[in-house]
Number of protein chains: 4
Amino acid sequence: MRVAALSDFVSNLSLSRFGFQPRAREEKKHDIASLCQALVSRQGEISCFVIAEEILSQWDRLSGEERIALLAQLSSALSPDRRRILDLIKKVEADQSDHNFHLLHRASEPRFQELLRRLNHARNGTQRLVRMREELIDALPAHPELSDLDKDFSHLFASWFNRGFLELKPITWRTPASVLEKIIQYEAVHAISDWDDLRRRIEPADRRLFAFFHPQMPDEPLIFVEVALTASTPARIGDVLSPKRAAISPEEATTAVFYSISNCQRGLKGISFGNFLIKQVVEELKRELPQLKTFVTLSPVPDFARWLDKIGKGESEGLTEAQIAVLSQTAMPAWQHDNAVVAAVEPVLKKAAARYFASAKDRNGKPFDSVARFHLGNGARLENIHVMADLSEKGISRSRGIMVNYLYKTDDIEKNHEDYAERGKVVVSDAVRSLLR
Amino acid sequence: MRVAALSDFVSNLSLSRFGFQPRAREEKKHDIASLCQALVSRQGEISCFVIAEEILSQWDRLSGEERIALLAQLSSALSPDRRRILDLIKKVEADQSDHNFHLLHRASEPRFQELLRRLNHARNGTQRLVRMREELIDALPAHPELSDLDKDFSHLFASWFNRGFLELKPITWRTPASVLEKIIQYEAVHAISDWDDLRRRIEPADRRLFAFFHPQMPDEPLIFVEVALTASTPARIGDVLSPKRAAISPEEATTAVFYSISNCQRGLKGISFGNFLIKQVVEELKRELPQLKTFVTLSPVPDFARWLDKIGKGESEGLTEAQIAVLSQTAMPAWQHDNAVVAAVEPVLKKAAARYFASAKDRNGKPFDSVARFHLGNGARLENIHVMADLSEKGISRSRGIMVNYLYKTDDIEKNHEDYAERGKVVVSDAVRSLLR
Amino acid sequence: MRVAALSDFVSNLSLSRFGFQPRAREEKKHDIASLCQALVSRQGEISCFVIAEEILSQWDRLSGEERIALLAQLSSALSPDRRRILDLIKKVEADQSDHNFHLLHRASEPRFQELLRRLNHARNGTQRLVRMREELIDALPAHPELSDLDKDFSHLFASWFNRGFLELKPITWRTPASVLEKIIQYEAVHAISDWDDLRRRIEPADRRLFAFFHPQMPDEPLIFVEVALTASTPARIGDVLSPKRAAISPEEATTAVFYSISNCQRGLKGISFGNFLIKQVVEELKRELPQLKTFVTLSPVPDFARWLDKIGKGESEGLTEAQIAVLSQTAMPAWQHDNAVVAAVEPVLKKAAARYFASAKDRNGKPFDSVARFHLGNGARLENIHVMADLSEKGISRSRGIMVNYLYKTDDIEKNHEDYAERGKVVVSDAVRSLLR
Amino acid sequence: MRVAALSDFVSNLSLSRFGFQPRAREEKKHDIASLCQALVSRQGEISCFVIAEEILSQWDRLSGEERIALLAQLSSALSPDRRRILDLIKKVEADQSDHNFHLLHRASEPRFQELLRRLNHARNGTQRLVRMREELIDALPAHPELSDLDKDFSHLFASWFNRGFLELKPITWRTPASVLEKIIQYEAVHAISDWDDLRRRIEPADRRLFAFFHPQMPDEPLIFVEVALTASTPARIGDVLSPKRAAISPEEATTAVFYSISNCQRGLKGISFGNFLIKQVVEELKRELPQLKTFVTLSPVPDFARWLDKIGKGESEGLTEAQIAVLSQTAMPAWQHDNAVVAAVEPVLKKAAARYFASAKDRNGKPFDSVARFHLGNGARLENIHVMADLSEKGISRSRGIMVNYLYKTDDIEKNHEDYAERGKVVVSDAVRSLLR
């Protein structure tokens, strides 16, 4: 039996009831800011509810610029009570008791966090706040002054999207269309062209797709992973995605290939789920198909081309000048269709990639490649390097056609993770290591 | 299709894997405290998960005293970084920018909050943390030094149990037994004696029961309200609960009577749901049965006897000495079975009750009666006072047999609420007012 | 908690266990027929189950001709025990007691019905039997000798698909894709071109789609109806299906338009659901949107062109020769795009249509138009005739662009139905009647 | 989204609309019989629906005698068309074609079956018809003339409750109370005393309960089996049901004990489910707990005392006179509490029981014991005989305290079944066989 949603019943209550006067269109901005002030200070729960709804529906009608201006305005309007903080600072200086530190912490909470908590009462509040942060994130480069506000969002979201609240769900051809269309939309690695393409990724007996959901956003996946069950570790994405391939029986599979992982909610940036997603899916697959032996990714190397470009400009990284010259051919258009070029390039490209993983670092001393950072950070091991493995436009332009397998071996994950996290060690297979000689 | 729970797969990972050595039984306390330290500082997500499980299962084996000692120990061990705060205080004193206040706030967050967020990853983490706070609350009178810790819990719970995350569900005879047994257990107003008694409150066509749930605790109601659909406003709880009464058709009902509201989770003290529960149930019932006209409670007056006792000790409150003498008979055992006493007492009791509601205040200047504070604070109006209305042991000992109706009239709720909240006004019906003359 | 399906556990039992020897490929037909014999006579329930699975999977591998040959073979092989019937005939002739008639009935049941009942135990048995009958129906014209077998199917299906077992379900954008693709596939009136077209018919707030399902075939709709909520009765299908139209709020709608009804399972021919579907959907919509006043179809007139062709060949039906000449223009290609022709044709076409409904009969004396037979038989009234209302290829070729509204008025349905069923009366509105003068 | 049930919308249609006049109370019987006639002959589906509802609600108000009288009246009133049958008999005699036999079969169908099919359209029709047959079954001994009518019911039910339509569901403490109370009510072997007793049978980790359901009767189990997961085969029901026993972890169990099987619907007599239930539960448990090795019952021997009584009256069955004298003590009250008697009786009782299973037959030459017939017919083997195993009142009075284990060994089931079904062989273990020497 469905019951009225928390919000159904305020639809016929109007704001005027609570002493708010509607204003002329041009004063809208002023209006919504003072509604936010009221929302934070009000006690009556119903009026709060009505005001939260009104704020969010006014927000929907604001232009992008008006929204950013409003956030900036709220950022200072809803800062904590400075006088009280300064008093407490005095207290702390006089007596550094735990209690005084607690008081200081509580007093210094930006009231903007309370605003967010109360806006969450509105219909689809959580999802609308996630969207709000998306816009904030987009505006950050131009408005660095909003970064504290962004931290308020992210602090709250980290609490609300605590992993203890997330649900892992399999996505199948029996999943509601309203969710499936989001999968099409959010796939960020190997684009899904249409419903038939989607069906090929979830309906065959040897395909799986899993996603994390938050109970308050049942139609919105947070992150998902696509899995192919195979008889061996694939070396080319084309083998996995070919519309013509024959499905195998899940019982015959020995290997689960994670060939695509997509974060769905830009507004949840910084709240990481992927780590756990893979590990939980590994366990789920083991439970269903105990004969599976190998859990491995087939991953792009999205920053490889950018690194090669730098190399080309003079950084050698243990590559000879001749090798660098060969590699430079991969910057030419359509090189991948010229067999002679490919033959020349292949061995060098593979060696260069091994070097890339072994020694290229970002400014924090972490691996240069973002996908490598993710999987190595999870405790996976770099297992294989495949050249000419992704000939799609994106595959060529970003990875020069290279793909790699990261191996998830349950017994080693924690050790690998620690070696990586604490000693910066990149764990690689013998096969990869031999390329470095 | 059910998938492996977030926690299934760590069951065979042992702590020793992450460098933790099992200790002898007697050092248990030390062990768990250092596990908590590790949990807060660790990066690896799987090790975190295993540690969280271990902490909570060790907790289950601690004695009550050991638990409180551990909390006290953690309270100081997981306080924020003082040096950093003191540095930031200097910064703030030098430059009172919004940004510096933000930094100060974030730096001063007790690390105990992070501990709670990470413990929440464990199996049934949320529920186990709610239970943990129950014990903390029980210990507070003897350990006032733990009150800041309690505020950490309550801050986090307020965020996790944000009303935007709660679900209203009808409880019926088709509800799982595992939930129904909780209803029996948690009913706090008119005890449910057994499954047959429960059935009488939910199965007849003219009975309803609604509860709020959190998605992470699907078997645990947070608060519930019992409703009788009637043809008139009842004056006696016996009429509502009689096993012999004949059910009416819901379509004949004109009145919905909220005759029992119970909070279920002591560990969520201070996070209020009741307010909204009633209002949402009103809307839900209107939707289902548009002919309902009156929404009213049949409520105990739980602090009335205590107030009468004080009166008897000399405070007059507008009552004559003769009246006070009459009232004093209600403190005698079994007075309610003596018709002569009842006849003498009835009119005086009713008058005294009216006075009680009109003028008896607690130390904060709010109504003396806790149930009155709740409903008047919700915007309800005190509608009727009934004597000899609850002759149960509890009804006599706490309310001297009195019950009252609070009326929820949608159009007046907000105004009543404001009159009460801002001006302390107790809104009463003409009938009650006439008793005051 | 999902449990093993009735069929999961026989997957590893082989037929050889029950004394069946696998045969060479060319003897397959013989094999399956004797399996059917065995299935009907066996007692052991597990062997039955295994045999039923085997029969149906062999069936899947037969060619169309082999299947029909098998059915013909079974038809005589599984006929009842003639000797026993003849004995009972003697008994009946001697003593015409109720009991003897009962015995005769039971003895004369074709054993083929028992075969069907036991095949139903197999995985998806019901659905596979429905598919089997589809092929039988297709073969009937060439194999009239199989019509008794078809009656066996239809007798059993009438019992299994008893309306008491069917479920009405709303189909929305939240329905599983596996069901939605069936809607696309089965739409028989106004084809759904792709997923976007489907979405336009179910996602907007003013659109509804309802289907009947059988519990054993949860992914297979039996019949469905598409509904548009509108502010007035539409005269053109283009207005309903236009991708550019603006949705209205359901609360503003006064009219529910049933603009497409499709039977999905050819194998259930003769087991009618449509009748009840419309009436139940009317009630469902009234419950959800009490303000709806008018329930009306927008229907094709699929046999009109065929009738006009006959007219053109000399039957006058009250139309003048001049009128018939005008009408003959609608048999020319692309006439609908020639404004002069349209202007001349419109009034005559409308008059001719009115006549068509009033007097054209099929060989059973029922209305010539199959859709008219359906709705008038349901108790609806012919309300309006619209020319140039469906300019799609199908609309022109079958209905000469005409569409009509049938009105479902709850108060009149039974009377209309009886007037039609018992007196053959075609109930029409005043507007239509005036066209007949 | 719930939609209106098939029946909701006729609630405000009255029979008078269809030309039926309400009659005076005393003519009720006449009225309902003619309603039944009308229901069978009517075409209009809505009127059918209304009439079906009216018939069933009048039925509810009839006395038991009136109901039986009505059934008898309908039995002849709704017999098939004799004239048509006699004509077809002539046709058959002239031409014994398959087609003519088909015609004869269809013509001879009692119209009472059509009545049942149409009554099934009413609200909860299926369940109400099952209840109707219960009363018919109860009346059969006194009214043997109704046995053909009973066969009509049973023919239809066999079709509707075809195993392909049934669902196996686990019953747990999370099952709705409305279903659980049926389990308490229907348990027929070891009575469940109250909700706490029920909970002990379903909540511990080493207990399971499975039931078959029909989709149209979701609150009514058809048959259920109670299972204990144990570390060894139990010899006493007290060990299984003791409230004090400690639960074991399911992973430690090696044995699944089916200790109680109850049919729930007397109205479905003759439509057997138990056979398949056990086999499906075996497979389900193997899937969940692959380490389980032994599937065994702990069963009563309900006809043993009756057989012993016959023995006592002179039939020897290979028992010596002395042994029979010893056994006769078990007919005395409270013998089971007299240690001396028990010591003397035990070995003889065990031997006698072995003999009972080996040679006691019912009038059809099947095993005398009804429970033995069930399990041996399923292909189980008689594994152990336990004396002093069920000391409950029922256990003593019917089984003289004896219980037995029947072993379900997947590999042998079919062979055992055939040995039993075709050669009447009672398959026993070596242990039992040694008792026969």
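Residues numbered from 1 in each chain as written. Chains lettered and ligands numbered in written order. Predicted model: local features only at pLDDT ≥ 70, side-chain atom pairs only at ≥ 80, totals over all residues. Heavy atoms only, no water.

Participant: Before we go on, may I ask you to explain the overall build of chain A in this structure?
Facilitator: The helix and strand inventory of chain A stands at 19 helices and eight strands. For chain A, the C-alpha atoms occupy an extent of roughly 80 × 60 × 45 Å along the three principal directions. A burial count over chain A gives 56% of its 437 residues as buried. Residue pairs at least 24 apart in sequence account for 71% of intrachain contacts in chain A once pairs closer than 6 positions are excluded. Accessible surface, chain A as shown: approximately 18200 Å² in total, 50% of it carbon and sulfur. Side chains of chain A give 61 positive and 60 negative charges; the mean places of these two sets differ by 1 Å. (Helix = DSSP H or I, 4+ residues; strand = E, 2+ residues; numbered from the N terminus. Buried < 20%, exposed > 50% of the residue type's maximum accessible area, 1.4 Å probe, protein only. Contact = heavy atoms within 4.5 Å. Areas by Shrake-Rupley, 256 points an atom, 1.4 Å probe, with all protein chains shown as cover. Lys, Arg positive; Asp, Glu negative; His and termini not counted. Charge placed at Lys NZ, Arg CZ, Asp CG, Glu CD.)

Participant: How should the pattern of salt bridges be read in this particular structure?
Facilitator: Where charged atoms from two side chains of opposite charge approach closely, those side chains can pair. By the definition in use, this model includes 143 salt bridges over all chains. With its nearest N and O atoms 3.7 Å apart, the salt bridge here joins Arg201(A) to Asp197(A). With Arg201(A) and Asp197(A) both in helix H10 (residues 195-202) and four residues apart, the pair spans about one turn of that helix. Asp206(D) is the salt-bridge partner of Arg207(D), the closest N and O atoms lying 3.9 Å from each other. On the basis of relative accessible area, Arg207(D) is assigned to the buried category, the value being 5%. (Salt bridge = Lys/Arg side-chain N within 4 Å of Asp/Glu carboxyl O.)

Participant: Mind showing me how you'd approach the relation of the copies chain C and chain A here?
Facilitator: Note that the two copies of the chain are related through a rotation about an axis and a translation along the same axis. Its rotation angle being 180 degrees, the transformation that places chain C on chain A also includes 0.0 Å of axial translation and leaves an RMSD of 0.1 Å. Taken together, the rotation and translation describe the operation of a two-fold axis. Every residue of chain C has its C-alpha some distance from the rotation axis, and the shortest such distance is that of Pro176(C), at 2.0 Å. Both copies present the same face, since 100% of the interface residues in chain C are matched by interface residues at the equivalent positions in chain A. (Least-squares fit on C-alpha atoms with pLDDT ≥ 70 in both.)

Participant: Before we go on, may I ask you to explain the arrangement of the chains in this structure?
Facilitator: Between chain B and chain C there is no contact, and the shortest C-alpha to C-alpha distance separating them is 7 Å. In this view chain A stays clear of chain D, with the nearest C-alpha atoms of the two still 7 Å from each other.

Participant: Even after reading the chapter, I still don't get the packing of helix H14 (residues 321-328) of chain A against helix H15 (residues 339-359) of chain A, so can you show me in this structure?
Facilitator: All names here are of chain A. Interaxial distance between H14 and H15 falls to 9 Å at its minimum, and their mutual angle equals 115 degrees. As summarised for this structure, H14 and H15 are arranged roughly perpendicular, according to the angle between their axes. Where H14 crosses over H15, the handedness of that crossing is left-handed. Of H15, the residues touching H14 (which contributes Gln-323, Val-326 and Leu-327) are Ala-344, Val-345, Val-348, Leu-349, Lys-351 and Ala-352. Of the residues assigned to the contact of H14 with H15, the class counts are seven nonpolar, one polar and one charged. (Axes fitted to C-alpha atoms, helices over the stretch in contact; angles between N-to-C directions. Parallel < 35°, antiparallel > 145°, perpendicular 65-115°, else oblique. Left-handed = near helix turned anticlockwise from the far one by under 90°. Nonpolar A, V, L, I, M, F, W, Y, C, P; charged D, E, K, R; others polar.)

Participant: Looking at this structure, I do not really get the interface of chain C and chain A. What am I missing?
Facilitator: How large an interface is tends to be reported as the accessible area lost when its parts come together. Across the contact, twelve residues belong to chain C and twelve residues belong to chain A. With both sides pooled, the region where chain C packs onto chain A buries about 1100 Å², and carbon together with sulfur makes up 49% of that total. The largest share of the area that chain C buries against chain A comes from Trp173(C), Arg174(C) and Trp195(C), three residues that together contribute 47% of it. Counting every contact that joins chain C to chain A gives four salt bridges. One salt bridge connects Glu181(C) with Arg199(A), and the closest N-O pair in it is separated by 2.4 Å. Joining chain C to chain A, the criterion identifies 13 residue pairs in polar contact (both at pLDDT 80 or more). Sorting the residues of the side of chain C that touches chain A by element identifies helix H9 (177-186) and helix H10 (195-202) of chain C as the ones contributing at least two each. (Buried area = accessible area lost by both parts, 1.4 Å probe. Polar contact = N/O pair within 3.5 Å; in protein donor to acceptor, adjacent residues only side chain to side chain.)

Participant: Could you clarify how one ought to interpret the packing of aromatic side chains in this entry?
Facilitator: In this description, an aromatic ring pair is defined by two values, namely the gap between the centres and the angle between the planes. Taken as a whole, this structure holds 50 aromatic pairs over all chains when the rule is applied. Between the aromatic rings of Trp195(B) and Trp195(D), the centroid separation amounts to 4.2 Å while the plane-to-plane angle is 5 degrees, which identifies the pairing as stacked. Residue Trp195(B) is located in helix H10 (residues 195-202), and its partner Trp195(D) is located in helix H10 (residues 195-202); the two belong to separate chains. Classification of Trp195(B) by relative accessible area gives buried; the value is 10%. Members of the aromatic cluster, connected to one another through ring pairs, are Phe112(A), Phe153(A), Phe157(A), Trp160(A), Phe161(A) and Phe165(B). Over the face of the ring belonging to Phe276(A) we find Arg163(A), whose NZ or CZ atom lies 3.9 Å from the ring centre. (Phe/Tyr/Trp six-rings, centres within 6.5 Å; stacked < 30°, edge-to-face > 60°. Lys NZ or Arg CZ within 6 Å of the ring centre and 35° of its normal.)

Participant: So what exactly am I meant to see when it comes to the environment of Gln329(A) here?
Facilitator: Of note, Gln329(A) is situated in the loop between H14 and H15. Distance in space between the C-alpha atoms of Gln329(A) and Ser97(A) is 67 Å, their sequence separation being 232 residues.

Participant: Quick question: what am I supposed to make of the side chain of Gln323(A) here?
Facilitator: Residues and elements named next belong to chain A. Locating Gln-323 in the fold gives a position in helix H14. Reaching out from Gln-323, the side chain makes a polar contact with the backbone nitrogen of Thr-320 at a distance of 2.9 Å. Contact partners of Gln-323, with chain neighbours within four places excluded, come to Gly-318, Val-348 and Lys-351.

Participant: In this structure, what is going on with unusual backbone geometry? I would like to understand it.
Facilitator: Both trends apply: most residues other than glycine have a negative phi, and most peptide bonds are in trans. The phi dihedral of Asn124(B) falls on the positive side, at around 50 degrees, and the residue is not glycine. Here Asn124(B) is to be found in the loop between helix H6 (111-119) and helix H7 (125-139). Residues other than glycine seldom take positive phi values, yet Arg400(C) does so here, at roughly 50 degrees. Within the element layout of this structure, Arg400(C) appears in the loop between helix H17 (393-399) and strand S8 (403-407). The exposure class assigned to Arg400(C) is buried, which follows from its relative accessible area of 7%.

Participant: Could you clarify how one ought to interpret helix H18 (residues 410-423) of chain B in this entry?
Facilitator: Since the α-helix packs 3.6 residues into each turn, any two residues three or four apart lie on the same face. Residues and elements named next belong to chain B. Over its 14 residues, H18 runs 20 Å from end to end, which matches the ideal 20 Å to within 8%, given 1.5 Å per residue. Among the residues of H18, Ile-413, Glu-414, Asn-416, His-417, Asp-419 and Tyr-420 are the ones counted as buried. Looking one or two residues past H18, Gly-424 carries a phi angle of roughly 70 degrees, positive in sign. (Expected span 1.5 Å × (residues − 1).)

Participant: So what exactly am I meant to see when it comes to the pairing of strand S2 (residues 207-213) of chain D here?
Facilitator: For a regular strand, the rule is simple: side chains alternate between the two faces of the sheet. All names here are of chain D. Most of S2 sits inside the fold, with seven of its seven residues counted as buried. Residue alternation in S2 divides its side chains into two sets, Arg-207, Leu-209, Ala-211 and Phe-213 and Arg-208, Phe-210 and Phe-212, and both sets are buried. Bridge count for strand S1 (residues 167-170) against S2 is four bridges, and the pairing is antiparallel. Each residue of the ladder has a partner; that of Glu-167, found in S2, is Phe-213. In the sheet, S2 pairs with strand S3 (residues 223-230) via six bridges, with the strands oriented antiparallel. (Pairing = 2+ DSSP bridges.)

Participant: Got a minute to help me understand helix H16 (residues 370-377) of chain B in this structure?
Facilitator: All names here are of chain B. Among the residues making up H16, those that are buried are Val-371, Ala-372, His-375, Leu-376 and Gly-377. Where H16 starts, the residue carrying a side-chain oxygen 3.2 Å from the main-chain nitrogen of Val-371 turns out to be Asp-369. Downstream of H16 by a residue or two, Gly-379 has a phi angle that is positive, lying close to 95 degrees.

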